[in-house]
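Per-entry structural report
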Number of protein chains: 2
Amino acid sequence: MYYIGIDLGGTNIAAGLVDEEGRIVLKDSVPTLKGRSYEAIVKDMAMLVQKIINDAGVDIKEIKSIGIGCPGVMDSSEGVVVFANNLNFRYVPLRAEMQKYFSLPVFIDNDANVAAFAESVAGAAKGARYSIAITLGTGVGGGIIIDGKVYSGFKSAGAELGHMVIMVDGEQCTCGRKGCWEAYASATALIRQTIQAAKENPDSLINKLVDGDMSRIDAKTAFDAAKQGDETGKKVVEKYIGYIAEGLTNIMNIFSPEVVVIGGGVCKEGEYLLKPLREKVAASVYSPDVLKPDIRVAQMGNDAGIVGAAMLGRDA
Amino acid sequence: MYYIGIDLGGTNIAAGLVDEEGRIVLKDSVPTLKGRSYEAIVKDMAMLVQKIINDAGVDIKEIKSIGIGCPGVMDSSEGVVVFANNLNFRYVPLRAEMQKYFSLPVFIDNDANVAAFAESVAGAAKGARYSIAITLGTGVGGGIIIDGKVYSGFKSAGAELGHMVIMVDGEQCTCGRKGCWEAYASATALIRQTIQAAKENPDSLINKLVDGDMSRIDAKTAFDAAKQGDETGKKVVEKYIGYIAEGLTNIMNIFSPEVVVIGGGVCKEGEYLLKPLREKVAASVYSPDVLKPDIRVAQMGNDAGIVGAAMLGRDA
């Protein structure tokens, strides 16, 4: 049997035909053209799926289910997108709309959960019963896998790991609270921290790397400076990794996962990021005799959305 | 069928015969006399269980399993107490030792998980699929129920909800980290906060209530002062409830539980505590349209340990 996975993003709709092992047989995409009605977007999704099925030469009877990953707040059990900011979706009956085109089971979940599931089925957490996936990007996304299934709690409103306050009355978060992990550990936060350090230390290499143009500072700049021995760069990186470690230690103490998978652009730093991170977490967990942090870089890349969404139907 | 539940504490060993519904048929206890070898303690546990079975007049064939709740770090799957500070236990094979006396399945779990399970089976969270139980006492204990079962992660090292940092570089916690929720939301923390406020505000009612003797301040003092209109007392209580709310909002965003059960002495304050707590959490969760905090006071009291431990074997 095969599965269809759809990664519905603000820019593109990517979809693929996926086999039992989580391998993509064939994939394709169309622009989302957001701002349109959900009916128009779902129609394009359905046409894309039909094209993939035709191109792959499989029979519709060989398709077990359709899975859709979407950014925002989902009610997975009802198949409804409660809220998806970048698609202007509010209470959109995504499952019901999709089933107008295909008489197949349709599963929906949010993009962070779907990415975590992809890593669990076919990526860096393959074989682990309990795993957590964190994405350090514009925000901090989280996905929880328990007993090989996505956990998101009542009405799928959980797994918002980025919105765990680690600093009461701290930095303002986009969610309205102050001091969320996301406000300290996201790439956005790293850039803010780098700019602040550059302003306070005008002689640092950070300033030279961007020719004094703060708007050119990105999530790589502090790491680049640190690797060249710059003290300010090193301090920014150490403090940033410390913030990641605080949230990750919380997650270890709460979930005791076998594997933690970290994704997002910051992971390109590889062991330069992960080695001190593992050390900090290992030194801080509540049960150090038992809890040995196994922190790995995400493997699924851009395919995570398609594969994770497709696999939602495998054991359902 | 019946179940035996044992609540192994630092002072007493309490045990009971429990029915399928989580009702205690007969219970009894003996002193733990801690400091003895684990073999001696388990022998007394076994004798207590045998006495209960005899007194109740049930046949051993009617007993399905024995469950043991114990404070500390357990490896539930192996039946081993990894570490229990107040019993001087380290890598104690509790299941194997108990099975020298009874040819029955033996389950072990830590006291906070067991208490959460008792609330889920027969207490304040009865009927909820996802629930969290928090105990605000000397520390902050946590138990997680997912799909009606205790969740504690790999090697049972999770569910340490009190050891979630909410204030990076904040108050020193007993676990070695700084800024844990426990260091702000426990009864111990409330007493510390009350003493500090009393010192800074010598004219407050708090000082009068204890005749200026700071050592008489307990977890009730600030609440008593606040209820009589004392400004300092009100400020302490509001800030303390704010700290509880920060951790609880994190837990809502992570787990999206249907019910949160709060236990411990502080809960005697009832709605005076719970009403502002619900309001603060409701105003802060990530998905307020979906997540409506249902926060309730624990119902199982001192029986939680026996009932929760007994029920570990019910669906196993």
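Residues numbered from 1 in each chain as written. Chains lettered and ligands numbered in written order. Predicted model: local features only at pLDDT ≥ 70, side-chain atom pairs only at ≥ 80, totals over all residues.

**Some points on the overall build of chain A**
Counting its regular elements, chain A contains 10 helices and 13 strands. In terms of overall size, chain A behaves like a compact globule, its C-alpha atoms giving a radius of gyration of 21 Å where 316 residues would be expected to give roughly 20 Å. Taken over the C-alpha atoms alone, chain A extends approximately 65 × 45 × 35 Å along its principal axes. In chain A, buried positions account for 55% of the 316 residues. A separation threshold of at least 6 residues defines the contact pool for chain A, and within that pool the share at least 24 residues apart is 62%. (Helix = DSSP H or I, 4+ residues; strand = E, 2+ residues; numbered from the N terminus. Rg over C-alpha atoms; globule rule 2.2 N^0.38 Å. Buried ≥ 20, exposed ≤ 12 C-beta atoms within 10 Å, placed from the backbone. Contact = placed C-beta atoms within 7 Å.)

**Some points on the domain arrangement of chain A**
All names here are of chain A. One can read the domain layout of chain A as domain 1 (2-123 + 302-311) and domain 2 (130-298). Facing 13 residues of domain 1, the contacting portion of domain 2 comprises 18 residues. At the level of elements, β5 (73-75) and α3 (111-122) are the ones that each hand at least two residues to the side of domain 1 that touches domain 2. No other element matches the seven residues that α3 contributes to the side of domain 1 that touches domain 2. A breakdown of the residues in the side of domain 1 that touches domain 2 according to their chemical character gives six nonpolar, four polar and three charged. (Domains from an automatic or database assignment. Nonpolar A, V, L, I, M, F, W, Y, C, P; charged D, E, K, R; others polar.)

**Re the sheet that holds strand β6 (residues 80-84) of chain B**
All names here are of chain B. Taken in spatial order, the three strands of this open sheet run β5-β6-β7, and their pairing is antiparallel. At either end of the open sheet lies a strand with only one pairing partner, and these are β5 (73-75) and β7 (89-92). Averaged over all neighbouring strand pairs, the angle between strand axes comes to 15 degrees, with direction disregarded. (Pairing = 2+ DSSP bridges. Axes fitted to C-alpha atoms, helices over the stretch in contact; angles between N-to-C directions.)

**Some details on the pairing of strand β6 (residues 80-84) of chain A**
Residues and elements named next belong to chain A. In terms of burial, β6 is a largely internal element, four of the five residues being buried. As paired elements, β5 and β6 share three bridges and run antiparallel to each other. Considered in β6, the bridge of V73 is made with F83. Hairpin connection of β5 to β6: four residues between the antiparallel strands, including G79 at a positive phi of 75 degrees. Pairing analysis gives three bridges linking β6 to strand β7 (residues 89-92), with the strands arranged antiparallel. Each bridged residue has a counterpart across the sheet, and for V81 the counterpart in β7 is V92.

**What about the environment of V58 of chain A?**
All names here are of chain A. Tracing the chain through its elements places V58 in the loop between α1 (38-56) and β4 (63-70). Separated by 41 residues in sequence, V58 and L17 place their C-alpha atoms 9.5 Å apart. Apart from the residues within four sequence positions on either side, V58 is in contact with Y2, L17, I53 and I63.

**Some thoughts on the pairing of strand β4 (residues 63-70) of chain B**
Residues and elements named next belong to chain B. With respect to burial, β4 is a largely interior element, seven of its eight residues being buried. In terms of strand pairing, strand β1 (residues 2-8) meets β4 through six bridges, oriented parallel. Directly across from I4, in β4, lies its bridge partner I66. When β4 meets strand β8 (residues 106-110), the two strands line up parallel, connected through five bridges. Bridge pairing links G69 to D109 in β8.

**Focus on the interface of chain A and chain B**
Between chain A and chain B, the residue contacts involve 37 residues of the former and 37 residues of the latter. Within the residue set of the side of chain A that touches chain B, elements represented by two or more residues are β6 and α8 (231-255) of chain A. For the side of chain A that touches chain B, the residue count by class is 22 nonpolar, nine polar and six charged.

**A closer look at the relation of the copies chain A and chain B**
Superposing chain A onto chain B requires a rotation of 180 degrees together with a translation of 0.0 Å along the rotation axis, leaving an RMSD of 0.0 Å. The transformation just described matches what one would write down for a two-fold rotation axis. The overlap is high: 100% of the interface residues of chain A also sit at the interface in chain B, so the same surface is used on both sides. (Least-squares fit on C-alpha atoms with pLDDT ≥ 70 in both.)

**Observations regarding helix α8 (residues 231-255) of chain B**
Residue and element names in this part refer to chain B. An ideal rise of 1.5 Å per residue puts 36 Å on 25 residues; α8 measures up with 36 Å between its terminal C-alpha atoms. Across the 25 residues that make up α8, a large majority, 19, are buried. Where α8 terminates, the next one or two residues include S256, which has phi positive at roughly 45 degrees. (Expected span 1.5 Å × (residues − 1).)

**Notes on the packing of α8 of chain B against helix α9 (residues 271-284) of chain B**
How two helices sit against one another is set out by the angle between their axes and by the gap between those axes. All names here are of chain B. For the pair α8 and α9, the least separation of the axes is 9 Å and the interaxial angle reads 50 degrees. With respect to their mutual orientation, α8 and α9 come out oblique. In this structure, the crossing between α8 and α9 has a hand that is right-handed. Contacts between α8 and α9 involve I241, G242, I244, A245, L248, T249 and M252 on the former and, on the latter, L273, P276, L277, K280, V281 and S284. (Parallel < 35°, antiparallel > 145°, perpendicular 65-115°, else oblique. Left-handed = near helix turned anticlockwise from the far one by under 90°.)

**With respect to helix α1 (residues 38-56) of chain B**
Residue and element names in this part refer to chain B. With 19 residues, α1 extends 27 Å from end C-alpha to end C-alpha; this agrees with the ideal 27 Å at 1.5 Å per step. Turning to α1, its buried residues are I41, V42, M45, L48, V49, I52 and I53. The arc enclosing the buried residues of α1, seen along the axis, measures out at 135 degrees, which places them on a common side. Residues of α1 that are exposed and point over 90 degrees away from its buried face: E39, A40 and N54. Where α1 is buried, its residues meet β1, β2 (12-18), β3 (24-31), β4 and α2 (94-98). Taken from the residues just after α1, G57 is the one with a positive phi, measuring 70 degrees. (Arc of directions from axis to C-beta.)

**A closer look at the sheet that holds β7 of chain A**
All names here are of chain A. With antiparallel pairing, three strands are arranged side by side in an open sheet as β5-β6-β7. The open sheet has two edge strands with one neighbour each: β5 and β7. For this sheet the average axis-to-axis angle between neighbouring strands, irrespective of direction, equals 15 degrees.

**Quick look at unusual backbone geometry**
We note that K155 of chain A has phi near 55 degrees; this positive angle belongs to a residue other than glycine. For K155 of chain A, the position within the fold is in the loop between β11 (149-151) and α4 (182-185). The phi angle at N88 of chain B is positive, at roughly 55 degrees, despite the residue not being glycine. Among the structural elements, N88 of chain B can be located in the loop between β6 and β7.

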